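# Close look at the chain arrangement
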Amino acid sequence: MATFLYKIGRLAFRRRHFVALIWVALLTLAGVGAANAPTAGSASFSIPGTEAQRAFDLLEERYPGSAADGATARVVFQAPDGEKMTDPGNKAAVQKAVKDLGTGSEVAGATDPFKAKSVSDDGTIAYSQVSYKVSGMELKDASKDALEHTAQDARESGLTVEIGGDALQAVPETGSTEIIGIAVAAVVLVITFGSLVSAGLPLLTALIGVGIGVSSITALANVLDLGSTTSILAMMIGLAVGIDYALFIVSRYRAELAEGREREDAAGRAVGTAGSAVVFAGLTVVIALVGLSVVNIPMLTKMGIAAASTVVIAVLIALTMIPALLGYAGKRVRPMGAKGRRTGGKLFGRGRKNAEATPVPATAQVTGSGGRGGKPNLGTRWARFVVRRPLAVLLFGVVALGAAAVPATSLELGLPDDGAQPVSTTQRQAYDLLSKGFGPGFNGPLMVASDLKGATDPKAAADKVVATIKGLDDVVSVSPPRFNKAEDTAMITVIPDSKPSSVTTEDLVHSIRDAGGPLKADEGADIMVTGATAMNIDVSQKLNDALLPYLALVVGLAFLLLIVVFRSVLVPLKAALGFLLSVLAALGAVVAVFQWGWLGSLLGVEETGPVMSMMPIFMVGVVFGLAMDYEVFLVTRMREAYVHGERSGQAIVTGFRHGARVVSAAAVIMIAVFAGFIGSSESMVKMIGFGLAIAVFFDAFVVRMAIVPAVLALLGDKAWWLPKWLDRALPNVDVEGEGLRDLDRDSRTGQDDPDEKRELVKV
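Remember, predicted model here, so these are calculated numbers, not experimental data. (Residues numbered from 1 in each chain as written. Predicted model: local features only at pLDDT ≥ 70, side-chain atom pairs only at ≥ 80, totals over all residues. Heavy atoms only, no water.)

Next up on the list: the packing of aromatic side chains. Tallied over the full model, the rule gives nine aromatic pairs. Grouped by ring-pair contacts, the aromatic residues Tyr127, Phe438 and Phe442 constitute a single cluster. The ring of Phe13 has Arg16 lying over it, and the distance from NZ or CZ to the ring centre is 5.3 Å. The positively charged end of Lys91 is found above the aromatic ring belonging to Phe114, 5.2 Å away from the centroid. (Phe/Tyr/Trp six-rings, centres within 6.5 Å; stacked < 30°, edge-to-face > 60°. Lys NZ or Arg CZ within 6 Å of the ring centre and 35° of its normal.)

Rendered as structure tokens:
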């Protein structure tokens, strides 16, 4: 692989005009498509195989034209202090608003609070339920504007008016902190490279890659039914890996220049060595993201595939556009340590002559001192300390992560509703008004669909269903059954006593479902619970059930891939176990902040509650892929040193000398990018941004920088053990660039192939 990528790197350097033109054309094409595409809303949500989805499908079939999955809005009215909603002036204002709400081509109907008895017991709060014929994603802006204008007109009469439901669901905003994250990444790159040009290349290529990926997602959002959060998550991951992958290529290029190589050859070797690690690191991320499809939730599958596509683009740009831009940059990208040599310092302690005698390490990806002739850099000093005290470092790392993971034992899962919105939003204020006037459970009504085709007396069976549900705990009210035209199906609304995201409401859903067995046996009524609250509960259960199979699939495939890369059994096993520690510690931090409220005010967490149900499985997928990035970049250098004769302890030091600074910089950049999304107005994006940022911190600086070298030091030579039969069976992918060493030897002995020689010297 290294030789193949070497040729690609040289070709891209030499044909830089053509390569740059292709990427600019792709960016332009994607941008034009995004500009002309309609605005994406919320993706249609379905969870195949669950009871809530079967109930929705039944209602769609038995109540044609009712738009069971259509958008809804709850327009909540509150009378001024000291007044009642039944006062003539207030009642007239509400009835006028209801009349206006009922107009519009997409409106299915709007209820009158005074006829539907949707006025609170104290008479101060009322609401109108507005139903639409289309889903929230399909709802036109004109319908949303009409809804808001009607509410504003009612406010002018002195009423407090707020709007809940999914009709006004807005596209999430990431806030200014996203820009701050990119700015932090830029500062880290400047410090790492000591050059604005070198620092600018990873940022430029990452932005181009993200621009292509996100613009493509935007252009195809309505065609592929992609939600508005899909592009945000793709941007989050695409920026992080795009900067990191380019960082490793540029760092290696400067190291090759420091060895005295010509710029085209240096670009080829950078892509051939560091690029090989980029390919395998990117492949682990793609496996983890695409593997989300095993959960069988279409929305999650699309999010994973969209994010994986941005990772693929980031890898391709790192392998082609980076060497092309290095060609444009010319001498403005200086060799590593060039400034130090002018002042008498040495980076590697050898010039071109010695470089030929001692070939450059194939995965040297480092900036700064640490060579044989200079003062040991921080990575070298830290590695030596770990090798001397491996057991103490290992225990400290495991105990620290174990302590961080303790809150995860109290993990509660759920999906966010309007109660998790910022208090400044109209959705949250409508939620609070409904809770105040009608009880917390009113924000999460349960819809019970009763299939009565098997009942001898459908109406009597429906009444029995209502009576049974009324006898359950935590039930405030049960509506009379509403039959379809054929009178073989009844729809019943149940109002719980507790809020939608509570464990008590979840228990009620299970209680209703448990009561379905006897009802079907005795009355012939097959009941199913659905609605947004039941759907959220089913999603959480489905995600919990899929976590272990998903973990086995992703970790298993990546384990096999890492065996090929490292040609070892224990190193990939250690990598996987370290990853599990990182994820558990990160989940503990998420629980502490978003469920317990620790430091919540600093992060803009206005409402604590259950952790988003897809958080564990999403973190497993994304963090595993990103964790393996650092594993590949850091440990391949150790393996190369070991294979070429260094003792196991010295190989660890060599790997840190050449990789610690750049891996640390890459981790800081990734943390900064993820942390930038904590400023999002969408609670799901905020939680994912924090979770990924803290997980990368734990994995990069505790697992990869402390636990990994400590374990390798304790294992010694056994770390690189591989059964001989497996060694013969595995393909040799040459991540370390051994084939490029052969080119060096051939060029020195004059035994190179004439065609290959012409390719190497061609400018």
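Now, onward.
This part covers the nonpolar core. Ranked by size, the top nonpolar core spans 169 residues in total, and within it Tyr245, Tyr253, Leu300, Phe618, Met619, Phe674 and Ile688 carry the most contacts. Ranked by residue count, the leading element in this core is helix H22 (residues 683–715), at 20 residues. The residues touching Phe618, leaving out its near neighbours within four places in the chain, are Leu233, Ile237, Leu292, Leu300, Met303 and Ile688. Core analysis: the next-biggest nonpolar cluster, separate from the first, contains 24 residues, Ala71, Val75, Phe77 and Leu139 among them. (Core = buried A, V, L, I, M, F, W, Y, C linked by side-chain atoms within 4.5 Å. Buried < 20%, exposed > 50% of the residue type's maximum accessible area, 1.4 Å probe, protein only. Helix = DSSP H or I, 4+ residues; strand = E, 2+ residues; numbered from the N terminus. Contact = heavy atoms within 4.5 Å.)

Every buried residue of helix H13 (residues 378–388) is accounted for by Gly379, Thr380, Ala383 and Val386. Burial along H13 is one-sided: seen end-on, the buried residues are contained in an arc of 125 degrees. Of the exposed residues in H13, the ones pointing more than 90 degrees away from its buried face are Leu378 and Arg388. Along its buried surface, H13 packs onto helix H14 (390–405), helix H21 (648–675) and H22. (Arc of directions from axis to C-beta.)

Burial within strand E1 (residues 72–78) is extensive, with six of its seven residues counted as buried. Of the strand pairs in this sheet, E1 and strand E3 (residues 125–132) are connected by seven bridges, and their pairing is antiparallel. Bridging from a neighbouring strand, Val76 pairs with Tyr127 of E3. Relative to strand E4 (residues 160–165), E1 is paired through six bridges, and the arrangement is antiparallel. When the bridges of E4 are listed, Val75 appears paired with Ile163. (Pairing = 2+ DSSP bridges.)

Moving on: unusual backbone geometry. Non-glycine residue Glu487 carries a positive phi angle of around 55 degrees. Inspection of the secondary structure puts Glu487 in the loop between strand E8 (482–483) and strand E9 (489–496). Classification of Glu487 as partly exposed rests on a relative accessible area of 38%. Residue Arg567 is not a glycine yet carries a positive backbone phi of 50 degrees. Of note, Arg567 is situated in the loop between helix H18 (532–566) and helix H19 (570–595).

Distances and angles like these do not, on their own, reveal function.
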